[in-house]
Every structure is written in C-alpha cells, then in structure tokens.
Amino acid sequence: MDKLSDRVKRLGYSQTFVMSNKAREMKAAGIDVISLTLGEPDFDVPDNIKQSAFDAINQNYSHYSPVPGFLELREAVANKLKRDNNLDYKPAQICVSNGAKQAILNVLASVINDGDEVLLPAPYWVSYDEMVKMMGGNSVMLPTSYVTDFKITAEQLEEAITDKTKAILFSSPCNPSGGYYTYDELKSMAKVIAKYPHVTIISDEIYEYINYETKTTSIAQFPEVYEQTAVINGMSKAFAMTGWRIGYSACPEWLAKACEKIQGQMTSGANTVAQRASITALQTDPSEYKYMIDAFQKRRDLVYDLMKEIPGFKVLLPKAAFYFFPDISHYIGKTLNGTEIKDSDDFAMFLLEKAHVGCVGGVSFGSPECIRFSYAASEEDLREAMKRIKDVLAPFN
C-alpha cells in the first residue's frame, strides 16, 4: 500500500534548492564553489529593523496575533501601498502571511478548484507551477523568449483565456528574467482581463523596490481589474529579511476574507516579533535602504560586461531584481567534455561540476534554453565566477 498522497507525488523539489544544496555539499567536501543559486540579498537586516525586533521581545510580543496580522502592521501595509503605488486598501483587505509563498498559496487555495487552469507567463518563478499542482489546478504556460524580452503580449493573453481559466499568476519585476511590465503593457493586459471577470490576477511584486529604471507599476492600479487582483509582496527582498518570513496579500474584501479563512486553518498568524519589526521597515522612507539597490545595480553592470564576453551566451541587461537569465541554447544538443547537454539543467550541472559555479537551469522556470544566475554576491565572487565559466567553455567554441 502506497502511503503517500497523489498530491505530494505530483510535486517536484525546488530546483533552486536542489542546486543550492549540491553546491553546499561540494563546499563541505572542500571544493571551492561559488554559488549564485539562491535569490537572497547578501546584506544584513538594517539596524533600525533589528532594534524593533529586540523591542518587541522586551515588550512581550510572544502571544498569538490576529490571523491576518496585527492591525498596526496591516495599517502600515495599507499606507505603504498608498505611498508607493497609489493603491487604496483598508486593513481588512490585507492578510499578513508566513512569507509571500504562503500569501500566494492562500489566494490559489481560495479560488482554484480541481481542474481549473492558471496561466503562467514563462519564465516564471519555480514554485508557481508546483503551487498550482498542490491546489489541484493545471498550469497553462504562455511562452516568451530572449527576443520578446521574456514578456507576453496582451494579444497572447487574450488567446490563452478560456472558460477553464481561473487565474493568471506572474511576477513583475520578474524572477528569473530581471525584467518588468511597463505601465502601458500592464494597461493593455488589464483591458483584456477585465473582459473575463471569472479570472483572478495574482500579481507578485516582491521585487518592487529593486528596479533600476523607474517606479514599478502594479496592475491593481487599473480600476477595471482592481476587484480581480491580489497584490502579493513582502519583506524578504527589499529589506533583506528572507528568514523572517513575512509576506502579505492585498485583495478585494471577498478574497481577503477567504485568505484569512485558509490561513486560520493552516498556520494562524505570522511570527509576532517579525511582524512588529516589519512595521518599522514599512514606515521608514524607502530611500533609507537604497544603498542595497545601488550595490545591486553596480554588480549588475559588472556582470553584464563580463557575461557578454562568454561565448554562446545571449544576455539581456536586467532592468530589475538581481538575476541574469541568459539564453544558452548554443550549447543544447552538444557534448561538453563527455557531458551531453540535453537542456539548461544539464548545462547548469556541467558548470557546477566543471567550473565550480552554481546556478539554476531554466527547465523549472519554464524556459529550458536559459539559466539563472543571482548576482546577490560579492564583486570578487562575481568576477571569479564569470572567469571560471568563460575559461571552462573556451575549448568548445
């Protein structure tokens, strides 16, 4: 008798963590590996946020919070959304969760029935497809490429929506491509989706502040889809608080109440100390944390110049987030030093084993011709990583 559920057998492991763990194992064995796998800022949490956590401990914030989060935090989220995004939400429309992952799962669990379809513009974050599977839905991939700047068009979206479509899930700025949808592009998409009120938009905006060109636009800014949109955000990327596990959703009230119901039966409220610290983070002027964005931009420019020199890499300059997503289709179908490269996962493993540089293949991102590098690392490591990759590929060009 098989004790495992069909649900868990449908799921795969996160390729990001598979490659990260492999890199850790090699390091533990004494191999000098540079890991550019995880999407995690390499900065420490700012001191004023840490002090708020200490204060919360001393003030005995050690008991359950309301399921959707402390009122003061939900007010801080609402004020942030108004200040930075010109979005009007009441605290009752906000649910604070154990990371943005849970916020997305809450929304999916609230709207997806078995067999419903969720549109995923590819490339997408590795967990999106698995989350849809977990909720019993089916993912419908909308392909993009290096040529289209890894973005779908409104026309492509219109063609994909059917009676079975229940949601569209995407990130802007995008993990893994480092691109984002402009105001005009989102406006065109909003016009399409507004014609289909049965479709919920799940807009993952966790990389909102890490944008090197302009202020990020939220699709919820367009009135015609406000009642269809769940905005997802959190503390991990902009504030280097990945381990604190605070995310949130901002939704129309009907959906916010459903998210609270789901979370109430799953985990209840998020960590109380981290919630109190998040109030301070959100109330601080974003310019106070811009030093991290400036450092990412400097690293981006460095890696772009070096990556352009790697033969067989087709690379776009990322406009946001902290990833490169080069097209390496030049190497697919070849045999490199005895290793057959069937897709970018094979290529990523080749780079790890031969160049001792960890990255993540694009198969689980929906783009099997690309690989993802995080440049949330020191300039020294980034220079050395690009040199190693260039050197190991030189004999094959």
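Anything mentioned here points back to the structure above.
Residues numbered from 1 in each chain as written. Predicted model: local features only at pLDDT ≥ 70, side-chain atom pairs only at ≥ 80, totals over all residues. Heavy atoms only, no water.

Participant: How do you make sense of the packing of aromatic side chains when you look at a structure like this?
Facilitator: For any pair of aromatic rings, the description consists of the separation of the ring centres together with the inter-plane angle of the planes. Summed over the entire model, instances satisfying the criterion amount to 21 aromatic pairs. Centre to centre, the rings of phenylalanine 170 and tyrosine 181 are 5.8 Å apart; their planes meet at 80°, and the pair counts as edge-to-face. Here phenylalanine 170, found in strand S5 (residues 165-171), pairs with tyrosine 181, found in the loop between S5 and helix H8 (183-193); they are 11 residues apart in sequence, far enough to count as distant. A relative accessible area of 3% means that phenylalanine 170 is categorised as buried. Through a chain of ring-to-ring contacts, the aromatic side chains of Phe43, Tyr207, Tyr291, Phe296, Phe322 and Tyr323 assemble into a single cluster. When the ring centre of tyrosine 146 is taken as reference, the NZ or CZ atom of lysine 314 above it lies at 5.8 Å. (Phe/Tyr/Trp six-rings, centres within 6.5 Å; stacked < 30°, edge-to-face > 60°. Helix = DSSP H or I, 4+ residues; strand = E, 2+ residues; numbered from the N terminus. Buried < 20%, exposed > 50% of the residue type's maximum accessible area, 1.4 Å probe, protein only. Lys NZ or Arg CZ within 6 Å of the ring centre and 35° of its normal.)

Participant: I keep staring at the pairing of strand S7 (residues 229-234) and nothing clicks. Help me out?
Facilitator: Within a regular beta strand, the side chains point alternately toward one face of the sheet and then the other, so they alternate between its two faces. With 6 of 6 residues buried, S7 lies mostly within the body of the structure. Note that strand S6 (residues 200-204) and S7 share 4 bridges and pair parallel. The residue bridging serine 203 from the neighbouring strand is valine 231, located in S7. (Pairing = 2+ DSSP bridges.)

Participant: Help me understand the packing of helix H2 (residues 15-28) against helix H12 (residues 344-355) in this model?
Facilitator: The relative placement of two packed helices is expressed as an angle between their axes plus a distance between the axes. Between H2 and H12, the shortest axis-to-axis distance is 11 Å and the interhelical angle comes to 15°. With respect to each other, H2 and H12 are oriented roughly parallel. Crossing hand, H2 versus H12: right-handed. Taking contact as the criterion, the partners of Gln15, Met19, Lys22, Ala23 and Met26 in H2 are, on H12, Asp345, Ala348, Met349, Leu352 and Glu353. Looking at side-chain class alone, the contact of H2 with H12 contains 6 nonpolar, 1 polar and 3 charged residues. (Axes fitted to C-alpha atoms, helices over the stretch in contact; angles between N-to-C directions. Parallel < 35°, antiparallel > 145°, perpendicular 65-115°, else oblique. Left-handed = near helix turned anticlockwise from the far one by under 90°. Contact = heavy atoms within 4.5 Å. Nonpolar A, V, L, I, M, F, W, Y, C, P; charged D, E, K, R; others polar.)

Participant: It is not clear to me how helix H10 (residues 272-283) should be interpreted in this structure. Could you clarify?
Facilitator: At 3.6 residues per turn, the α-helix brings residues three or four places apart onto the same side. Compared with an ideal rise of 1.5 Å per residue, which puts 12 residues at 16 Å, H10 spans 17 Å between its outermost C-alpha atoms and is within 8% of the ideal. Counting buried positions along H10 gives 10 out of 12 residues, so the element sits mostly inside the fold. Thr272, Val273, Ala274, Gln275, Arg276, Ala277, Ser278, Ile279, Ala281 and Leu282 are the residues of H10 that are buried. Looking at the packing, one finds that the buried side of H10 touches helix H3 (47-58), helix H4 (71-85) and strand S2 (94-97). The N-terminus of H10 is capped by asparagine 271, whose side-chain oxygen sits 3.0 Å from the backbone nitrogen of valine 273. (Expected span 1.5 Å × (residues − 1). Polar contact = N/O pair within 3.5 Å; in protein donor to acceptor, adjacent residues only side chain to side chain.)

Participant: Just checking my understanding: could you explain the sheet that holds strand S3 (residues 117-121) for this structure?
Facilitator: Where strands meet in a sheet, backbone hydrogen bonds hold them as pairs that are either parallel or antiparallel. Read across the open sheet, the 7 strands follow the order S2-S8-S7-S6-S5-S3-S4; overall the sheet is mixed. Bordering the open sheet on either side are S2 and strand S4 (138-142), each of which pairs with just one other strand. Taking the axes of each pair of neighbouring strands and ignoring which way they run, one obtains an average angle of 20° across the sheet. With respect to the sheet, helix H9 (residues 253-266) is in contact with S2, S6, S7 and strand S8 (247-250), its orientation differing from that of S2 by roughly 30°.

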